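Per-entry structural report
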Amino acid sequence: MRIRKKTPSLQQTAPLYFVGYRGTVPAPEELKAWYDLEYGGPLTLRADEQATESWSAVHGPWTAHIVIPLPATHIEGLKEKLAWEHEHVGAIAPALMPPRDMPDTILFAARLARGLTLLTQGTAYDITTNQYVNPSDCRIAPSPSST
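About the cut-offs
- Residues numbered from 1 in each chain as written.
- Predicted model: local features only at pLDDT ≥ 70, side-chain atom pairs only at ≥ 80, totals over all residues.
- Heavy atoms only, no water.
- Pairing = 2+ DSSP bridges.
- Helix = DSSP H or I, 4+ residues; strand = E, 2+ residues; numbered from the N terminus.
- Axes fitted to C-alpha atoms, helices over the stretch in contact; angles between N-to-C directions.
- Parallel < 35°, antiparallel > 145°, perpendicular 65-115°, else oblique.
- Left-handed = near helix turned anticlockwise from the far one by under 90°.
- Contact = heavy atoms within 4.5 Å.
- Nonpolar A, V, L, I, M, F, W, Y, C, P; charged D, E, K, R; others polar.
- Polar contact = N/O pair within 3.5 Å; in protein donor to acceptor, adjacent residues only side chain to side chain.

In this section: the sheet that holds strand E3 (residues 54-59). Reading across from one edge, E2-E3-E4-E5-E1-E6-E7 is the order of the seven strands in this open sheet, with antiparallel pairing throughout. Since the sheet does not close on itself, it has two edges, and those belong to strand E2 (44-47) and strand E7 (131-133), each with one partner. Taken pair by pair, the neighbouring strands of this sheet meet at an average axis angle of 20°, ignoring direction. Looking at chain direction, strand E4 (residues 62-67) and strand E5 (residues 88-94) are connected through four bridges and run antiparallel. Within E5, the position partnered with Val67 by the bridge is Ala91.

Shown next as structure tokens:
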């Protein structure tokens, strides 16, 4: 009997970043233009047909999921826990990938969080490191040219 390995699905994992902001969500074209300029692109964004606030972001072999803004039912306790006064919150989660691809996929999600933080002039919360990042100190995965 031959053992077959399961191939990972492109389901999303738990969010790695929350982005709190006021005002409007940047258009997908704005995020795409920023990403392409900062990281060389091409970034592909696809809105979910049933929920326009849910996007799938793809750059090369890496995929992440963005939900911005999160539904009010999802952020009731979150805003108090994070001590945020932001009106809206978005989330960025990498897709499930094989372990060898996870570091690059996590970096991709961090870059998307950086872009959304800069474009919304909001605050990113890194769940893994328990750190808040504002646009003025945005050091989430800077581009190689900015170092």
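In this section: the packing of helix H1 (residues 28-39) against helix H3 (residues 102-120). Two elements in contact, H1 and H3, have axes whose closest approach is 10 Å; the angle formed by their N-to-C orientations is 120°. The angle between H1 and H3 places the two elements in the oblique class. Every pair of crossing elements has a handedness; the one defined by H1 and H3 is right-handed. Contact with H1, carried on its side by Glu30, Leu31, Trp34, Tyr35, Glu38 and Tyr39, involves Phe108, Arg111, Leu112, Arg114, Gly115, Leu116, Leu118 and Leu119 of H3 and no other residues of that element. For the contact of H1 with H3, the class distribution of residues is nine nonpolar, one polar and four charged.

Attention shifts here to the side chain of Thr123. Residue placement: Thr123 occurs in strand E6 (residues 123-126). For Thr123, the side chain forms a polar contact with the side chain of His86, separated by 3.1 Å. Polar contacts involving the side chain of Thr123 include one to the side chain of Asn134, which spans 2.7 Å. What Thr123 contacts, discounting residues up to four positions off in sequence, is Phe18, Val19, Gly20, Trp84, His86, Thr117, Tyr132, Val133 and Asn134.

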